[in-house]
Amino acid sequence: MRSSVEPGEADGREHDRRSDAHEHRPTAPDAPAFVSLLAERVADDADAGEPLDPGCAFDLRLDQVVEAIVRGHEESDYLRTLLYRPVAELDAIRYRQEVFSDLEDERLLAGAAKFAEQMREVREHLSAIEKMHHPLQRQGWFLDAAAIYCHALRSLAETLDAAPVRSRAMTAFRAFLSGYLASEQFTTLEADTSARKQRLGQIVYDVRIRGSHVDVSRYDDEPDYSVEVEALFERFAQGEVRDYRRGYRGEPGFNHVTAQILELVARLFPEPFAELAAYCEVHRQFLDETVRRFERELDFYLSYLAFAAPLRSTGLRLCLPEVSDSKQVNAVDTFDLALANKLVGEGKPVVVNDFHLSGPERIIVVSGPNQGGKTTFARTFGQLHHLAALGCPVPGSSASLFLCDRIYTHFEREEDLGDLRGKLESDLVRIDQLLRVATARSIVILNEIFTSTTIDDARFLGEKVMAKLIELDLLGVFVTFIDELASAGEQVVSMLSKVVPEDPAQRTFKVQRAPADGLAYALAVAAKHNVTYERLQARLTRGSTR
Amino acid sequence: MKAHLLSPTRDLDFSAELETVVPNHEALIADLELTTLLATMAAGDRFLYDVCTRVLLTSVTDPDEITYRQRVLTDCVQQAEIVGELYQLAVDTLADKRKLWGYGYHSQFPGSILSGAVTQLEALVVRLKQLRAFAHEHSDRFGSDGFQTLFATIQSELDDEYLQTVEAHLKKLRFANGHLLSAQLGRDLSGVRYVLRYGDLKPRWRELLSVGARDHYSFTIPQRDEAGAQALGELSDRGINLVANAAARSADHITSYFQMLRAELAFYLGCVNLRTRLLQRDTPVSLPVPTAARPLRLACTDLRDPALALRTDGDVVGNDVDADDTPLVIITGANSGGKSTFLRSVGCAQLMMQCGMFVAAERYEASVADGLFTHFLRDEDETMERGRLDEELTRMSYFADQLRPDSTILFNESFAATNEREGSEIARQIVRALLEADVRVLFVTHLYDFASSFTADGDGGPERPSGVLFLRAERGEGGRRPYKLVAAEPLPTSFGVDVYERRLGGSFAGPLLNRSRD
């Protein structure tokens, strides 16, 4: 297994020179060779569980979360596949959690993001060269791509050395990288690149333009006239005025005039240009396959963390959950990731909720007024378990979650409302199918089912479903308007969406086990606006001198 | 080079959004009825209106800076005509700019920007010469530091030698001999960092003699090659990009000097306008005495609400108050008894003082406030009671983010949108917290429960503040209001009855009377 992903063997023709270098690469005796950032043993995801059902992803709004994560990312299909596919083993989850845990270090995260950015630039450069015609231009871009590549790897190695790296994946990659950077192939590339850049960077030339006549010569220390003109009027400078500089997009680039100028510059300075041509020939292939794989897999972590960053900056917490085979799950300060992403984008606050199941408790029945956050709560429960099974951080300041085999959802679908009888039937059929395949390791989330029939029918059917859920001993959330279901047994926990008693129209989106207590109306309103004595006292800063 | 008529050290930032400088400016204008005041200052001139609004609302907290402005204002009152001429010079200069608008100044191309800017600068140099002549002629008639510095700066910065150098450069900037640029190699090896150089364009002697290594190659774009000519033009433009920017920015800087001069003078012209009108209406006008934020001071004689004085023909009654060392002033008493008028007159006087203006009073001496806030009952919001309390508390919470030690806040009938007990409790809690945070509070209220808790035998909470002044609107003889406040503790009833009687003349007395007594 390990040998099949040893860098350099995948493509013999391109990597001949580098394979030689790898043979002499020093490797720490205990450290396993780097295979993948995503899984310890195999490079691809053969061990992974079944992908999440698309209907379930829709119900839980995980489709929105996934799309928000992959948006703007180069390999969005690859990321999407990873984000829908939970890993079935606890150790595999931990393997990824370790990487996320390493990336909690701000410098490492910033360094990794910078690295990904630079590698993207390298690839963009190399593909741009394909479309270029002038040999001098191609050579210039190639040199630049190599310079970025060398720099990117050096700073990544520095970051990895300085950071408290503990994960198996990062530790292995760090060992690989230090070997690669010490190889003759890389050190030669780096030295050559820097020498070429330096020589060419020193060239300064003059262009004289008078009508249609152009004259190219070496620069002769003529003074900067703009500086002189600025100094002349300096005494009037006050405040900010408009910037009249024309915002040229990029540089003039290549056209037949600048190409002619460049050819004349190359004649004025023949040596550095000859060296550049030779350099391009020698280093034609410089990109390492293992580095490339690392970068691709790194994006799984970076894209997820980049998605979470704006949420975190508003004070919301995400944490690495403790994932286990215990059904005593809990989460503190958790929230619906899809809704939070939307609200934070609109600058609105996000309400967080807690839940916990202990002892025989398995099923949370959520009832209470509409628009109170019941559905959001149910989604949160499902999202948490899917995200945890990816090895990702989950919404909340702490969480213990269950490693489930599968998540099943049944949500009221608006488009079905036309035919009520048909809807009840299809509800029953879907629930029946669901209860047939669900196991004691499944998670079931039911949201407002049986709304299309009478209350008596709904209660009857609801109790049947509940009995089956209890019998299966699975974990679940059941959002319902049927109060009686909340007291179906010791396995069932009742939670209510909470309202402000004085202002029932107001939505709190808070879902709690205990009902709220009443406050005197006026002071409750004052408290809502944070202008009671205690709150104001905390908000106003007292004069320090008195 | 700065005008500095509003401050010896800094410029008033006219470009910043008023919203960010004074977030509560709309409330101040509405609650203190400042539009009457500002319209009088502006005398129909939109520009004066805007400038006066900004300067009036952007309070200064340094007493020295306030007196600096007071002295400039005194010069303006005494030399109104000459100040008017100086203002006109600034206005004319800015009109030149508009006339020259079409000279490519607003083009995207550096070549056009440069030639437009040079044209502008040529016109500005003419005006600068006029400004210097003006300073030379009139400077000895002005005694304030502000004007003295202004004229001295003009004479020293715009000397003959400097103006000659400028004119010489303006000729050079026409670039009759083409452009010389230096450049370096970019990442694709095409030229980058084009810098305009100043140097001769003569061929070098070595080449003329054809000796030594070639350090010079050239080519010529064929006549038919339009794309080539365009590419070359772009290179020239890139080269002069910075110098065009420098010239255009310089033109803007000189223009903004005249703009600043115009704006600062506009404020003083507005003050002169207001002063004339107030005096016409027999309203006392005096320069106030500003003191540091602590100890707290507020003492006045015959303090008027200037807006009321300008609006009404009848006699306006002024108030005499001594509220030194009192962080809390509670004003209670009769309806239409002049409580709101008094509150507005204090608010106006404080703003007028802190912008360097005179006040509408015989005497006004007060410590500066670091931020003035008004929390007035809003008439326009006739929604349900519950919604109104909500709105009031929202506003209060908004202020809580802006209030700082030494701020002053004026409450007018606040938190009365619920029952007296609850309203009083809210008001009490808020006022206690404000006083502890060193915010000065003036509170007009009907809430007897609230007001009386700050009296000697009341319970204003665990920390009853020292230094509370109670003012009361008195019921005059026969129901006629004198609009004069006296220092007196609150009484448990209001005087709605006689306001009602005066307005409705006693008809329908039965049911309405009973209700207003409730």
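Residues numbered from 1 in each chain as written. Chains lettered and ligands numbered in written order. Predicted model: local features only at pLDDT ≥ 70, side-chain atom pairs only at ≥ 80, totals over all residues.

Take the overall build of chain A next. Each helix and strand in chain A was counted, giving 19 helices and 14 strands. Expressed as a percentage of contacts within chain A between residues at least 6 apart in sequence, the contacts between residues at least 24 apart total 74%. (Helix = DSSP H or I, 4+ residues; strand = E, 2+ residues; numbered from the N terminus. Contact = placed C-beta atoms within 7 Å.)

Another point: the interface of chain A and chain B. With 74 residues of chain A in contact, the opposing surface of chain B contributes 84 residues. The element contributing the most residues to the side of chain A that touches chain B is helix H11 (residues 256-268) of chain A, with nine residues. When the residues that make up the side of chain A that touches chain B are grouped by side-chain class, the tally is 36 nonpolar, 19 polar and 19 charged. Two elements, strand S1 (residues 204-210) of chain A and strand S1 (residues 179-185) of chain B, share six bridges in a ladder whose sense is antiparallel. Bridging from a neighbouring strand, Asp206 of chain A pairs with Ser182 of chain B of S1 of chain B. (Nonpolar A, V, L, I, M, F, W, Y, C, P; charged D, E, K, R; others polar. Pairing = 2+ DSSP bridges.)

The next subject is the sheet that holds S1 of chain B. One open sheet holds the five strands; their spatial order is S2(B)-S1(B)-S1(A)-S2(A)-S3(B), and the pairing between them is antiparallel. The open sheet has two free edges, formed respectively by strand S2 (191-197) and strand S3 (216-220) of chain B, since each of these has just one partner strand. Taking each pair of neighbouring strands and ignoring which way they run, the sheet shows an average axis angle of 25°. With six bridges connecting them, S1 of chain A and strand S2 (residues 213-218) of chain A associate as antiparallel partners. The partner of Val207 of chain A across the bridge, within S2 of chain A, is Val216 of chain A. (Axes fitted to C-alpha atoms, helices over the stretch in contact; angles between N-to-C directions.)

Let us now look at the nonpolar core. All names here are of chain B. Ranked by internal contacts, the top residues of the largest apolar core, which has 282 residues, are Val243, Ala247 and Val441. Broken down by element, this core gets its largest block of residues, 25 residues, from helix H11 (residues 226-280). With near-sequence residues (within four places) excluded, Val441 lies in contact with Pro327, Leu328, Ile409, Phe411, Val431, Leu434 and Leu435. (Core = buried A, V, L, I, M, F, W, Y, C linked by C-beta atoms within 7 Å. Buried ≥ 20, exposed ≤ 12 C-beta atoms within 10 Å, placed from the backbone.)

Residues and elements named next belong to chain A. Across the five residues of strand S12 (residues 475-479), five count as buried, placing the element largely inside the fold. Of the two faces of S12, the one lined by Leu475, Val477 and Val479 and the one lined by Gly476 and Phe478 are each fully buried. As paired elements, strand S7 (residues 363-367) and S12 share four bridges and run parallel to each other. Of the residues in S12, the one forming a bridge with Val365 is Phe478. Two strands pair when backbone bridges link them, and strand S11 (residues 442-447) and S12 are joined in this way by five bridges, in the parallel orientation. Residue pairing across strands places Leu446 opposite Phe478, the latter belonging to S12.

Turning to the sheet that holds strand S13 (residues 485-487) of chain B, a few remarks are in order. Residues and elements named next belong to chain B. If you trace the six strands from one edge of the open sheet to the other, you get S9-S10-S11-S7-S12-S13, paired in mixed fashion. Edge positions in the open sheet fall to strand S9 (372-376) and S13, since each of these has one partner strand only. Direction aside, the axes of adjacent strands within the sheet are offset by 20° on average. The sheet contact formed by strand S10 (residues 408-412) and strand S11 (residues 440-444) spans five bridges and is parallel. By the bridge assignment for S11, Asn412 is matched with Val444. Where helix H15 (residues 420-436) meets the sheet, its contacts fall on strand S7 (328-333), S10 and S11, and the angle it forms with S11 comes to roughly 155°.

A few words on the pairing of strand S10 (residues 406-411) of chain A. All names here are of chain A. Within S10, six of the six residues are buried, which leaves the element mostly enclosed by the surrounding structure. Burial of S10 is two-sided: the residues Arg406, Tyr408 and His410 facing one way and the residues Ile407, Thr409 and Phe411 facing the other way are all buried. Here six bridges tie S10 to S11, and the two strands are oriented parallel to one another. By the bridge assignment for S11, Phe411 is matched with Asn447.

For helix H9 (residues 160-172) of chain B, built from 13 residues, the straight-helix expectation of 18 Å at 1.5 Å per residue is met to within 8% by its first-to-last C-alpha distance of 19 Å. Taking burial as the measure, the 13 residues of H9 of chain B include zero buried ones, a minor fraction of the element. (Expected span 1.5 Å × (residues − 1).)

Residue and element names in this part refer to chain B. Between its first and last C-alpha atoms helix H4 (residues 46-57) spans 17 Å; for 12 residues at 1.5 Å apiece the expected length is 16 Å, and the two agree. Inspection of H4 places Leu48, Val51, Cys52, Thr53, Arg54, Val55, Leu56 and Leu57 among the buried residues, and these make up the whole buried set. On its buried face, H4 is in contact with helix H1 (18-21), helix H2 (25-31), helix H3 (34-42), H11 and helix H13 (339-354).

Attention now moves to the confidence of the model for chain A. Residue and element names in this part refer to chain A. Summary statistics for chain A give a mean pLDDT of 83 and a share of 82% for residues scoring 70 or more. Counting contacts from residues 1-29, a segment whose pLDDT is below 50, to residues more than four positions away or on other chains yields 31 contacts. Note on residues 414-420: pLDDT is under 50 here. Beyond four places in sequence and across chains, it has four contacts. (pLDDT = per-residue confidence, 0-100.)

A word on the environment of Asp449 of chain B. All names here are of chain B. Locating Asp449 in the fold gives a position in helix H16 (residues 448-452). Judged by the 19 C-beta atoms lying within 10 Å of it, Asp449 falls in the partly exposed class. Sequence-distant contacts of Asp449, that is, excluding residues within four places in its chain, are made with Glu420, Arg421 and Ser424.

Now for the confidence of the model for chain B. All names here are of chain B. Confidence in the prediction of chain B, expressed as mean pLDDT, is 84, and 84% of residues score 70 or more. When the criterion is pLDDT under 50, residues 380-386 qualifies, and its contacts beyond four places in sequence or with other chains add up to five contacts. Under a pLDDT of 50 for its full length, residues 494-518 has, in the predicted model, 21 contacts with residues more than four places off or in other chains. Interface confidence for the predicted complex, expressed as ipTM, amounts to 0.71; the pTM equals 0.56.

Residues and elements named next belong to chain B. Of note, the bond from Arg294 into Pro295 is cis; its omega dihedral lies within 30 degrees of zero at -5°. When you line up the elements, Pro295 lands in the loop between strand S4 (289-291) and strand S5 (298-303). Even without being a glycine, His4 presents a positive backbone phi close to 50°. By secondary structure assignment, the location of His4 is in the segment before H1.

Another point: the environment of Arg249 of chain B. Looking at where Arg249 of chain B falls in the secondary structure, it is placed in helix H11. Look at Arg249 of chain B and you get buried, because 23 C-beta atoms sit within 10 Å. In sequence terms Arg249 of chain B and Ala117 of chain B are 132 residues apart; their C-alpha atoms lie 8.4 Å from each other. Beyond its immediate sequence surroundings of up to four residues, Arg249 of chain B is in contact with Val241 and Tyr244 of chain A.

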